[in-house]
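Residues per chain are reported as follows:
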Amino acid sequence: MAARPVVSVFGVNGAKLDATVPLPSVFTAPIRPDLVQFVHKNMAKNRRQPYAAKQQAGEETSAESWGTGRAVARIPRVGGGGTHRAGQAAFGNMTRGGRMFAPNKVWRKWHIRTNSNQKRYATASAVAASGVAALVSGRGHRINGIEEVPLVVSADAEALSKTKEAVALLRALKAYADVAKVSNTRSIRAGRGKMRNRRHRQRRGPLVVFAQDKGISRAFRNLPGVELVDVTRLNLLQLAPGGHLGRFVIWTQPAFEALNKVFGSQTEASVQKKGYTLPVPVISNPDVSRLIGSDEIQAVVRPSGPKHMRRPFTQKKNPLRNTQVLVRLNPYAQVLRRAELLGKNKKTKKYTHKKSASPKFLQILKAD
């Protein structure tokens, strides 16, 4: 968020004037990309036109199932004969020339309602993001030549009525590079959209915000990528196209001064939006690394420990593989192991096969 006390005002010739404008409170609003993307997605759906398949599409033929017993699927089949179409499956979404599955209907829920407080919060976040040069540059706008963000021009700009005067103003402010970028990116759209009145694609240029239209809309309307909006009609779809924060905004001085009436502040309610006050940030300084490194916090935290810490628990080891763990569990295992190594646990007695019976025994056995 931008947090300067005052903002410089530039004249129509690009020179910095002596006058300055206090920074409106809306530029100190929290920047919430998650909320901006959520609200933008819902708002963008409200421009859709209903589309549907023809109600009779895929079913404009007489077809009946042949039933069972003919060794074919029970899908409806075209009747008749003498042509390839006869006997072909029909109606099903898996058939040639059949209807689609769950055909689109015009009574689908196309539009989505979004809470007013969420839309206002998202708009305030988008305005605050437009005052951060890093976000504006990161979005792709060419702002390397301009002196300040947000960029405020004098009220004389609202009286411009010629395109060449608008181009001269942008060149004097060194902001025309963003318009040239749009011209260089203009290309023919891929796909069927080129036949549906959206033949070309191009990037977004600067957004000009004014308080009174004394001809400024006629001066800027023919510049590629440049959009104009009244300060009382700020729209999230223009402040954050695609749900991406950081639109390059050129404010006229009356419009910049009217922001406090439009959005109010954290303590004073808005004049335009009844009873609305700006959201208060959860923390005043979102720079967490700076907070952690501050003297106040470093004075009370514990000193850092050694780089390599011992394990807070004993590692599980297999007693069948680790002798020390086995001896700890079974002290007698060491005795068995030693006896095994010495060979004392082996049976020393040798079994010999019995010899055949003696001749005397055989003689007595055969006596009878």
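Residues take numbers from 1 onward in each chain, read along the sequence in its written order. Two thresholds apply to this predicted model, a pLDDT of at least 70 for residue-level local features and 80 or more for giving and counting side-chain atom pairs, whereas whole-chain, interface and lining totals are computed over all residues. Derived side-chain values reflect all non-hydrogen atoms in the structure, with water molecules and hydrogen atoms excluded from consideration.

Peer 1: Which parts of the structure should I look at to understand the packing of aromatic side chains?
Peer 2: Centre-to-centre distance and the angle between the planes together describe a pair of aromatic rings. Note on aromatic pairs: the rings of Phe, Tyr and Trp (six-membered ring only in Trp) are paired at centre separations within 6.5 Å, and the planes decide the class, stacked below 30 degrees, edge-to-face beyond 60, tilted for the rest. Taken as a whole, this structure holds four aromatic pairs when the rule is applied. Here phenylalanine 27 and phenylalanine 256 contribute two aromatic rings whose centre-to-centre distance is 5.5 Å and whose plane-to-plane angle is 40°, an arrangement assigned as tilted. Placement of the pair is phenylalanine 27 in the loop between β2 (16–22) and α1 (33–44) and phenylalanine 256 in helix α8 (residues 253–257), with a sequence separation of 229 residues. For each residue, the accessible area found with a 1.4 Å probe, counting protein chains only, is set against the maximum for its type, and the residue is called buried under 20%, exposed over 50%, and partly exposed in between. Residue class for phenylalanine 27 comes out buried when judged on its relative accessible area of 0%. Relative accessible area serves as the criterion here: at 1%, phenylalanine 256 is assigned to the buried category. Put simply, DSSP H or I for four residues or longer makes a helix, DSSP E for two residues or longer makes a strand, and each gets a number counted from the N terminus.

Peer 1: Sorry if this is basic, but what is going on with the side chain of threonine 252 here?
Peer 2: For threonine 252, the position within the fold is in strand β10 (residues 249–252). The residues contacting threonine 252, other than those within four sequence positions of it, are Val152, Val153, Glu158, Val209, Phe210, Ala211 and Ile216. In this description, contact between two residues means that some pair of their heavy atoms is separated by no more than 4.5 Å.

Peer 1: For this particular structure, what's the right way to read the pairing of β2?
Peer 2: Put simply, side chains in a regular strand alternate between the two faces of the sheet. Bridge analysis of strand β1 (residues 6–10) against β2 gives four bridges, and the strand direction is antiparallel. Along β2, the bridge assignment pairs phenylalanine 10 with lysine 16. Only strands joined by at least two bridges in the DSSP assignment are considered to pair.

Peer 1: Teacher, can you tell me more about the sheet that holds β2 here?
Peer 2: Hydrogen bonds between backbone atoms are what pair the strands of a sheet, whose relative direction is either parallel or antiparallel. Read from one edge of the open sheet, six strands run β2-β1-β5-β10-β8-β9, paired in mixed fashion. Bordering the open sheet on either side are β2 and β9 (227–230), each of which pairs with just one other strand. Neighbour to neighbour, the strand axes of the sheet diverge by 35° on average, direction disregarded. Here β1 runs beside strand β5 (residues 151–153); their pairing, made up of two bridges, is parallel. In the sheet register, phenylalanine 10 faces β5, and the bridge partner there is valine 153. Axes, fitted as lines to C-alpha atoms, cover a helix only where it is in contact. Angles between the N-to-C directions of the axes lie from 0 to 180 degrees.

Peer 1: How do you make sense of the packing of α1 against helix α2 (residues 116–129) when you look at a structure like this?
Peer 2: Each pair of packed helices can be described by the angle between their axes along with the distance between the axes. Two numbers describe how α1 lies on α2: the axes approach to 9 Å, and their chain directions differ by 120°. By the angle class used here, α1 and α2 are oblique. The handedness of the crossing between α1 and α2 is left-handed. Where α1 approaches α2, its residues Leu35, Val36, Phe38, Val39 and Met43 are matched on the opposing element by Gln118, Lys119, Tyr121, Ala122 and Ser125. Each angle gets one of four labels, with under 35 degrees taken as roughly parallel, over 145 as roughly antiparallel, 65 to 115 as roughly perpendicular, and the rest as oblique. If you view the pair so one helix is near and one far, a crossing is left-handed when the near helix is turned anticlockwise from the far one by less than a right angle, and right-handed when it is turned clockwise.

Peer 1: Explain α2 here, please?
Peer 2: Along an α-helix, a turn takes 3.6 residues, which lines up residues three or four apart on a common side. Its 14 residues give α2 an end-to-end C-alpha distance of 20 Å, which sits within 8% of 20 Å, the value for a rise of 1.5 Å per residue. Taken together, the buried positions of α2 are Tyr121, Ala122, Thr123, Ala124, Ser125, Ala126, Val127, Ala128 and Ala129. Where α2 is buried, its residues touch α1, α3 (133–138), α7 (236–239), β10 and α9 (259–263). By definition here, a helix of n residues has an expected span of 1.5 Å times n minus one.

Peer 1: Can you walk me through unusual backbone geometry in this structure?
Peer 2: Keep in mind that most residues, glycine aside, have a negative phi and that most peptide bonds are trans. In the segment running from valine 149 into proline 150, the intervening peptide bond is cis, with an omega of 5°. One non-glycine residue, alanine 71, lies in positive phi territory at about 60°. Summarising the element assignment, alanine 71 is placed in the loop between β3 (63–64) and β4 (77–78). At lysine 174, a position not held by glycine, the phi torsion is positive, near 60°. Tracing the chain through its elements places lysine 174 in the loop between α4 (163–172) and α5 (176–185).

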